[in-house]
Amino acid sequence: MIFRPIYTIDTIYHLDPTGLRRMGIKAVFSDLDNTLLAWNIRESSQEMAILNKKLAKAGIKLIVISNNNPDRVSEAVSKFNVAFWANARKPLPFGILKALKHYNLSKEDVIMVGDQLITDIQAGNLAGVKTVLVKPLVETDKWNTRINRFFEKIIFFFLNINKKIEFKESLKWMKN
């Protein structure tokens, strides 16, 4: 199903770079707002810096794939030398596909991590990459995201009919 993530985990900060490496992952594509950083915070968190260092040590690149404009994304990630692709137009897959080509990655090399079924997971699934749904970092959202969350509740209802979505704590328990 287009909205069902392959994996679930409570936060991107619990990803295990060693486990990702064993899976053949060379890059983590991540949403920005409410995935790496609360939507209403302008600058990066120390957690993002630590995650980026851990991933880099394992030979994995962190690349932000965001619907935000380049100024917003750059302001949030440039301090930690995190690559990004802005104006991604999720839920369409084009931003992810362009980033794959730009960074010379295959679909098998990448996971797409995000907090929204309707944008992040749908775009990742349409692009053919592995998808990871995380819980939003904060319970509030921008006005446009609130619309998505309304529809997400309906989608979650139908997704949970056949197989309940549960958020795991660590990578080794992520597989749905």
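You'll find the structure just up there.
The notes below deal with the structure included here. Counting restarts for each chain: residues are numbered from 1 in the order of the written sequence. Per-residue local features are limited, in this predicted model, to residues with pLDDT of at least 70; the limit for side-chain atom pairs, both in listing and counting, is 80 or more; totals at the level of whole chains, interfaces and linings are taken over all residues. Excluding hydrogens and water, the side-chain figures rest on all heavy atoms present in the structure.

## Things to note about the overall build of the protein
Rules: Labels follow the DSSP assignment, with helices taken as runs of H or I lasting at least four residues and strands as runs of E lasting at least two, numbered in each case from the N terminus. Partly exposed residues are those whose accessible area sits between 20% and 50% of the maximum for their type, while under 20% is buried and over 50% is exposed, using a 1.4 Å probe and protein chains only. In this description, contact between two residues means that some pair of their heavy atoms is separated by no more than 4.5 Å.
Helix and strand counts for the protein come out as six helices and six strands. Along the protein, helices and strands appear, N-terminal first, in the series β-α-β-α-β-α-β-α-β-α-β-α. Looking at the protein as a whole, 49% of its 176 residues are labelled buried. For the protein, long-range pairs separated by at least 24 residues make up 69% of all intrachain contacts whose partners lie at least 6 apart in sequence.

## Quick word on the nonpolar core
Applicable threshold: Buried residues of nine kinds, namely Ala, Val, Leu, Ile, Met, Phe, Trp, Tyr and Cys, make up a nonpolar core once their side-chain atoms join them within 4.5 Å.
Counting residues in hydrophobic clusters, the biggest one holds 28 residues, and the most contacted among them are Val28, Leu32 and Leu36. Breaking this core down by element, the ones donating at least two residues are β1 (7–9), α2 (46–57), β3 (61–65), α3 (70–77), β5 (110–114) and β6 (130–134). Broken down by element, this core gets its largest block of residues, four residues, from α2. Those residues within four positions of Val28 in sequence are excluded, and the remaining contacts are Ile12, Leu15, Leu20, Leu55, Ile60, Lys61, Leu62, Ile63, Ile111 and Val113. In this structure, Ala27, Phe29, Ala123 and Ala127 belong to the second largest nonpolar core, which totals 15 residues.

## Thoughts on the sheet that holds β3
Condition: Following DSSP output, two strands are said to pair if at least two bridges run between them. To get an axis, a line is fitted to the C-alpha atoms, and for a helix only the part in contact is used. The angle between two axes follows their N-to-C directions and goes from 0 to 180 degrees.
Ordered in space as β1-β6-β5-β2-β3-β4, the six strands form an open sheet in which the pairing is parallel. What marks the edges here is a single partner per strand, and that holds for β1 and β4 (83–85). Across the sheet, the mean angle from the axis of one strand to that of its neighbour is 25 degrees, orientation sign disregarded. Where β3 and β4 come together, three bridges link them in parallel fashion. Considered in β4, the bridge of Ile63 is made with Ala83. Packing of helix α4 (residues 94–102) onto the sheet brings it into contact with β2 (27–30), β3, β4 and β5, and relative to β4 it is tilted by some 140 degrees. Of the strands in this sheet, β5 and β6 are in contact with helix α5 (residues 117–127), which crosses β6 at around 165 degrees.

## Side note on the pairing of β2
Residues Ala27 and Phe29 of β2 are buried on one face, and the alternating residues Val28 and Ser30, pointing to the opposite face, are buried as well. As paired elements, β2 and β3 share four bridges and run parallel to each other. Residue pairing for β3: Ser30 is matched across the bridge by Val64. The pairing of β2 with β5 spans four bridges and is parallel. By the bridge assignment, Val28 is partnered in β5 with Ile111.

## Quick word on the pairing of β6
For clarity, the cut-off: Clockwise travel from the first strand over the helix to the second, with the strands pointing away from the viewer, marks a crossover as right-handed.
Judged by how many residues are buried, β6 sits mostly within the fold: four of five residues are covered. Where β1 meets β6, three bridges bridge the pair, whose relative direction is parallel. Opposite Tyr7, over in β6, you have Val132 as the bridge partner. Crossover handedness for the path β5 to α5 to β6: right-handed.

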